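Coordinate analysis (summary)
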Amino acid sequence: MKINWGTGIVIAFALFMTFILYFVFEVQSNSKYDNDLVVEEYYKHDSHFQEEMARIQNAHDLQYKPSIKYTENGVKIAFPTTLESDKIKGNVLLYRPSNKKFDFNTQISLSNSTLFIPKNKLIKGRWDVNMEWQYDGKKYLTKEVIYVD
């Protein structure tokens, strides 16, 4: 049986489509691949995007910004000493991009202008830290990425 070049192209195309469809079905049906959305209510979250950008800009415009650092004992969030600690309200979301089961929120309660999150609450890897806070009625949003080792 002789195969001409047209038949060869059709066979190659059919094999390629079969290959791609196999992987699509494998990823969708296998439980080891996590297909969750990053944000549960995507459209609701997207409608507040401009407000979020304004809060990020407010934080960026500060002369002295809060710092989020990972130390050997945990995550240390230090606010500038020029801000009065008792007027700072808000929460800190530690978001684990690889597995939402490890995400958690912490209310901001400062001692000596710092908030400390102990290492035993964190697992190794990447963490996205989103800190939503207010000071004197003005809202701020600070985002950082830290790596726990």
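Structure first, text after, so check above.
The rules we used
- Residues numbered from 1 in each chain as written.
- Predicted model: local features only at pLDDT ≥ 70, side-chain atom pairs only at ≥ 80, totals over all residues.
- Heavy atoms only, no water.
- Helix = DSSP H or I, 4+ residues; strand = E, 2+ residues; numbered from the N terminus.
- Expected span 1.5 Å × (residues − 1).
- Buried < 20%, exposed > 50% of the residue type's maximum accessible area, 1.4 Å probe, protein only.
- Arc of directions from axis to C-beta.
- Salt bridge = Lys/Arg side-chain N within 4 Å of Asp/Glu carboxyl O.

1. Thoughts on helix H3 (residues 49-61)
Residue pairs three or four apart in sequence face the same way in an α-helix, which turns once every 3.6 residues. Taking 1.5 Å per residue as the helical rise, H3 with its 13 residues ought to reach 18 Å, and the 18 Å between its terminal C-alpha atoms agrees with that figure. By the burial criterion, the buried members of H3 are Glu-52, Arg-55 and Ala-59. Seen end-on, H3 carries its buried residues on one side only, within an arc spanning 60°. In H3, those exposed residues whose orientation departs by more than 90 degrees from the buried face are Gln-50, His-60 and Asp-61.

2. Quick notes on the pattern of salt bridges
Within this structure, the stated rule accounts for 5 salt bridges. Taking the shortest distance from any N to any O, the salt bridge between Asp-136 and Lys-87 comes out at 3.7 Å. Within this pair, whereas Asp-136 is found in the loop between strand S6 (125-135) and strand S7 (138-148), its partner Lys-87 is found in the loop between strand S2 (74-78) and strand S3 (88-95), the two being separated by 49 residues in sequence. Under the relative-accessibility criterion, Asp-136 is labelled exposed at 55%. When the shortest N-O distance is used, the salt bridge between Asp-128 and Arg-126 registers 2.9 Å. Exposure remark for Asp-128: the relative accessible area of 14% places this residue in the buried category. Here Arg-126 falls in the partly exposed class, since its relative accessible area comes to 38%. What emerges from the salt-bridge pattern is a single network uniting Glu-84, Lys-87 and Asp-136.

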